[in-house]
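Structure at a glance
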Amino acid sequence: MNTPQPGILLPVPPLARYLSFSLGDTTRIGECLRALSNLADGENMVVGFGQSLVSALNSNIPGLKSFPLITAPGLSIERAPEAAWVWLRGDDRGEILHRSRRITQALSPALQFEESMDAFTYAEGRDLSGYEDGTENPIGDEAIKSAIVGADQPQLAGSSFVAAQRWRHNFDRFESMPKAEQDNTIGRRQSDNEELDDAPESAHVKRTAQESFTPEAFVLRRSMPWAEGNAGGLMFVAFGASFYAFEAILNRMTGAEDGIVDALFKFTQPVSGAYFWCPALRDGKLDLTPLGL
Ligand code: HEM
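Below, the structure is looked at part by part. None of these values were measured; they are calculated from a predicted model.

Overview of the site of the ligand
Around the ligand lies a shell of 26 residues, among which Gly134, Glu136, His204, Gln210 and Arg221 are the nearest. At a separation of 2.5 Å, an oxygen atom of the ligand approaches a polar backbone atom of Gly134. Within the side chain of His204, a nitrogen or oxygen atom sits 2.9 Å from a nitrogen atom of the ligand. Sorting the residues of the shell around the ligand by element identifies strand S8 (160-169), helix H8 (204-208), strand S11 (231-240) and helix H9 (244-253) as the ones contributing at least two each. When residues in the shell around the ligand are grouped by element, the largest group, four residues, is from H9. Partitioning the shell around the ligand into residue classes produces twelve nonpolar, eight polar and six charged.

As for H9
Burial runs high along H9: seven of the ten residues are buried. Among all positions of H9, only Ala245, Phe246, Ala248, Ile249, Leu250, Arg252 and Met253 are buried. Looking at the buried residues of H9, the elements they touch are S8, H8, S11 and strand S12 (268-278). Looking at the residues trailing H9, positive phi occurs at Gly255, about 90°.

Quick notes on the side chain of Arg17
Examined against the element boundaries, Arg17 turns out to sit in strand S1 (residues 15-23). Side chain to side chain, Arg17 and Ser100 meet in a polar contact 3.0 Å long. Polar side-chain contacts of Arg17 include one of 2.7 Å to the side chain of Asp118. With residues near it in sequence (within four places) discarded, Arg17 still touches Val86, Trp87, Leu88, Ile96, Leu97, Ser100, Ser116, Met117 and Asp118.

Scoring rules and cut-offs
- Residues numbered from 1 in each chain as written.
- Predicted model: local features only at pLDDT ≥ 70, side-chain atom pairs only at ≥ 80, totals over all residues.
- Heavy atoms only, no water.
- Near = heavy atom within 4 Å.
- Polar contact = N/O pair within 3.5 Å; in protein donor to acceptor, adjacent residues only side chain to side chain.
- Helix = DSSP H or I, 4+ residues; strand = E, 2+ residues; numbered from the N terminus.
- Nonpolar A, V, L, I, M, F, W, Y, C, P; charged D, E, K, R; others polar.
- Buried < 20%, exposed > 50% of the residue type's maximum accessible area, 1.4 Å probe, protein only.
- Contact = heavy atoms within 4.5 Å.

Now the structure itself:
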């Protein structure tokens, strides 16, 4: 029986690294993905494949596509390399580095290593703005229903789709806002995480309220802060049984629905984004059969 990669459903780890790859020698994809499959347990390493890799294999994963080019006033989101994505989870930076080297070797020459970004847990699960992140995540069976493809799609059952989007915060701008404005930006009080009933319509949690969409738009968020020099932000990562919920929410955040732009954009901007399909595990290994391998 196929099972989801367990790292999707587990809490976020203390440390992580995201790797992304573009296509290299496409004649070698089969052998390199099998080598990767020997290293990937789905728990300490969650793996996703993008549309360019699937197309190179002349394969089709229904529901997978390229990250949409989103245009809104003052907003441009670059497409990140989208052949493959690896989320290395752990608690030792050196060990993560060595695993990342082994994966890069296993995937070469079919996939070319493009970028890596180290991430971490901050203040027991807060975004670098200081607000708790993940409070309204579905849990238990609801998490599985939101994030994992069900038996209604037998070919893909147990797999998942992930949207990975890197956001860069403008800390100076955020810190220049009075506390009440910061709280209204998120729609929760930073001090005790209480939701603010009188928050403006632009507040992030009002824009994104998952039950308010038709159909409801639940995502399983597994985001982690990143930092490089004095820059930093959120590696926003949302797993879904499809991209429907992510797209519905992001669409409303940008104001495309009703002209009200999410107040988050006042202090943070998405810099890049990509979509991937995360295969299920079969007998503890990545099930590559939907790719025709
Ligand atoms: C830098 C970017 C972002 C930051 C700092 C951020 C932060 C937060 C925070 C602090 C909360 C409240 C606590 C919680 O329920 O987790 C929240 C809720 C939420 N966010 Fe974000 N978020 C970001 C981007 C996004 C994006 C891109 C999406 C989806 C497209 C999204 C979807 C959601 C959802 C669905 C909720 C829960 C809403 C509810 O049902 O109450 N967020 N976010």
